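Understanding the architecture of this molecule
Each chain, written out:
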Amino acid sequence: PDPAAPDPAAPEPAAGFPASPARSARTAKAATGRLVGNELLSLPGATKEVRRFTFDTQDSPVPLTYETGDALGVEALNCPGLVAEWLAVTGLDPEAPVDVPGVGSVPLGEALHRHLDIARITPGLLRLVAERTHDRTLKKLLRPDNKGELAQWAWGRQAVDVIAEHSARATAAEWTGALTRLRPRLYSISSSPLTDPARVSLTVSVVRYENRHGVVRKGVASTFLADAEEGSSVPVFVQRAPHFRPPADPATPMVMVGPGTGVAPFVGFLDERRALGHRAANWLFFGEQRRATDFYYRDELDTLRRDGTLTRLDTAFSRDQRAKIYVQDRMREHGAQLWSWLQEGAHFYVCGDASRMAKDVDRALRDIAVAHGGLQEDAAGAYVKQLAADKRYVRDVY
């Protein structure tokens, strides 16, 4: 979470993966979460697979404590099927010893399963394949001025696809040297410790797709969780987000913009305010593709509305009508009320996609300051920047 105006750099998911609510982080001392909940939130007919995962950390040998708004790091392992495919395509012995920085000498199979990112296409791997095959296309893609073309080419491919397509050959040490370490994934926490301090929940879009050859590919961490057996132990840790918290003042209103899985932290925010008995007004903008299949936490949000915790809920389901409608459109529709809330001291939160949504929401906020605050364009920009400086406008974007 960053209250500053510029969006933080987007993470580097495995090449070809659709964007997901996961960020990368350095490994911290991990606790153990026992997977006790794996609830499918998307309904039949949805184009996305979205799940709520719940971990019980009561018996963890390393204590895990968190605050609402923090993120949870998940130390996932690579899919055994992908490891087997790597070994088959490269023709290498899984028992061959390789050196992994920070780990030491381990069998290749273990390195591929536990320690190395074998999904993401790295520049080092592309260079190695290009050198071994003398492929002109790959050499051209590696030029510094071809980043856009490289990203387009990599979409839908994983590292093993590149090796298979070019029939590249190298030693175990050369392949592992071209890969990076498998990093933990960070997910916004969807719960409040005031509800149950030993339980922590996540809202995750599970990545599964077919590559151009019809082979099913998976996201590393999302399918590691989705396909895990109930009761499985998962190494987890907390990434603190001290600036991304619900208002401490029980009288401060709160506006939340969380389309898709961006709604994740705001479920926790609302649970926290209810548990504390804070009666300030709370307003959520939620959006997805279709109301019938993609209205995550519908029942929970209805309950929060009935008990008065959630004052307003405005939704934008983009595919339910011919003209697509997004959360920023709903903001503009209710611009007068939103401006009034801001004038009354409301805190404004955004969670979700950094590449488009967060920028569109930021633009809508400036437009509202012009249309309903009577500000000139420059003054509106300065107003929004001041909101961020005052930590009343905070984003958790990825």
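The structure we're discussing is the one just above.
Now for a quick tour of the structure. (Residues numbered from 1 in each chain as written. Predicted model: local features only at pLDDT ≥ 70, side-chain atom pairs only at ≥ 80, totals over all residues. Heavy atoms only, no water.)

1. Considering the packing of helix H3 (residues 123-133) against helix H6 (residues 159-166)
To be explicit about the condition: To get an axis, fit a line to the C-alpha atoms, keeping to the stretch in contact for a helix; angles then go from 0 to 180 degrees between the N-to-C directions. Under the scheme used here, helices are H or I runs from DSSP no shorter than 4 residues and strands are E runs no shorter than 2 residues, and both carry numbers assigned from the N terminus. Angle categories: roughly parallel below 35 degrees, roughly antiparallel above 145, roughly perpendicular from 65 to 115, and oblique for all the rest. Here a residue-residue contact requires only that any non-hydrogen atoms of the pair lie within 4.5 Å. Following the grouping adopted for this structure description, the nonpolar residues are Ala, Val, Leu, Ile, Met, Phe, Trp, Tyr, Cys and Pro, the charged ones are Asp, Glu, Lys and Arg, and the polar ones are all others, Gly among them.
The N-to-C vectors of H3 and H6 enclose an angle of 5°; their axes lie 11 Å apart at closest approach. Taken together, the axis directions place H3 and H6 in an arrangement best described as roughly parallel. Across the interface between the two elements, Leu-125, Leu-126, Val-129 and Thr-133 from H3 touch Ala-159, Val-162, Ile-163 and His-166 from H6. Across the contact of H3 with H6, the residue classes tally to six nonpolar, two polar and no charged.

2. With respect to the sheet that holds strand E14 (residues 312-317)
Note the cut-off: Each pair of strands is called paired provided DSSP finds at least two bridges between the two strands.
Taken together, the five strands give an open sheet; going across it, the order is E14-E13-E12-E15-E16, and neighbouring strands pair in parallel fashion. Two strands bound the open sheet, and with one partner strand each, they are E14 and strand E16 (393-397). Each strand of the sheet is rotated relative to its neighbour by a mean of 10°, with strand direction disregarded. Across five bridges, the pairing between strand E15 (residues 347-352) and E16 is parallel. Bridged to Gly-352 within E16 is Val-397. Set on the sheet, helix H13 (residues 335-343) makes contact with strand E12 (254-257), strand E13 (282-288), E14 and E15; between it and E13 the angle comes to about 135°.

3. Focus on the pairing of E16
We count it as follows: Relative accessibility thresholds used throughout: buried, under 20% of the residue-type maximum; exposed, over 50%; partly exposed, between the two (1.4 Å probe, protein chains only).
Among the five residues in E16, five count as buried, and that is most of the element. Judged by which residues are buried, E16 turns out to be covered on both faces: Tyr-393, Arg-395 and Val-397 on one side and Val-394 and Asp-396 on the other are all buried.

4. Focus on the packing of helix H14 (residues 357-373) against helix H15 (residues 377-389)
As a reminder, the rule being used: Note on convention: the crossing is left-handed when the near helix lies turned anticlockwise from the far helix by less than a right angle, right-handed when the turn is clockwise.
Across the interface, H14 lies against H15 with an axial gap of 9 Å and an inter-helix angle of 120°. Relative to H15, H14 is oriented oblique. Once H14 is placed against H15, the crossing between them reads as right-handed. Facing Asp-362, Arg-363, Leu-365, Arg-366, Ala-369 and Val-370 of H14, the residues of H15 in contact are Glu-377, Ala-380, Gly-381, Tyr-383 and Val-384. Within the contact of H14 with H15, the residues separate by chemical class into six nonpolar, one polar and four charged.

5. As for the pattern of salt bridges
As a reminder, the rule being used: Within this document, salt bridges are pairs made up of a side-chain nitrogen of Lys or Arg and a carboxyl oxygen of Asp or Glu, the two lying within 4 Å of each other.
Within this structure, the stated rule accounts for 24 salt bridges. Among the salt bridges present, the one from Glu-85 reaches Arg-217, with a minimum N-O distance of 2.8 Å. Of this pair, Glu-85 sits in helix H1 (residues 80-90) while Arg-217 sits in strand E10 (residues 216-218), and the two are 132 residues apart along the sequence. The salt bridge involving Arg-363 is made with Glu-377; its shortest N-O contact spans 2.5 Å. Here Arg-363, found in helix H14, pairs with Glu-377, found in helix H15; they are 14 residues apart in sequence, far enough to count as distant. Exposure remark for Arg-363: the relative accessible area of 33% places this residue in the partly exposed category. Its relative accessible area of 40% is what places Glu-377 among the partly exposed residues.

6. Brief notes about unusual backbone geometry
Across the chain, the bulk of peptide bonds are trans and the bulk of non-glycine residues have phi less than zero. For His-134, which is not glycine, the phi dihedral falls at a positive 55°. You can see His-134 is positioned in the loop between H3 and helix H4 (136-141). Residue class for His-134 comes out exposed when judged on its relative accessible area of 57%. Backbone geometry places Tyr-297, a non-glycine residue, at a positive phi of 60°.

7. Let's talk about the packing of aromatic side chains
For clarity, the threshold we go by: Put simply, two rings from Phe, Tyr or Trp (the six-membered ring, in Trp's case) pair if the centres are within 6.5 Å, and we call them stacked under 30 degrees between planes, edge-to-face over 60, tilted for the rest.
One pass over the full model with this rule turns up 15 aromatic pairs. Relative to Phe-266, the ring of Phe-244 has its centre 6.2 Å away and its plane inclined at 45°; by these criteria the two rings are tilted. With Phe-244 in the loop between strand E11 (233-239) and E12 and Phe-266 in helix H9 (residues 264-276), this pair connects stretches of sequence that are 22 residues apart. Relative accessible area serves as the criterion here: at 0%, Phe-244 is assigned to the buried category. Residue Phe-266 is classed as buried on the basis of its relative accessible area of 1%.

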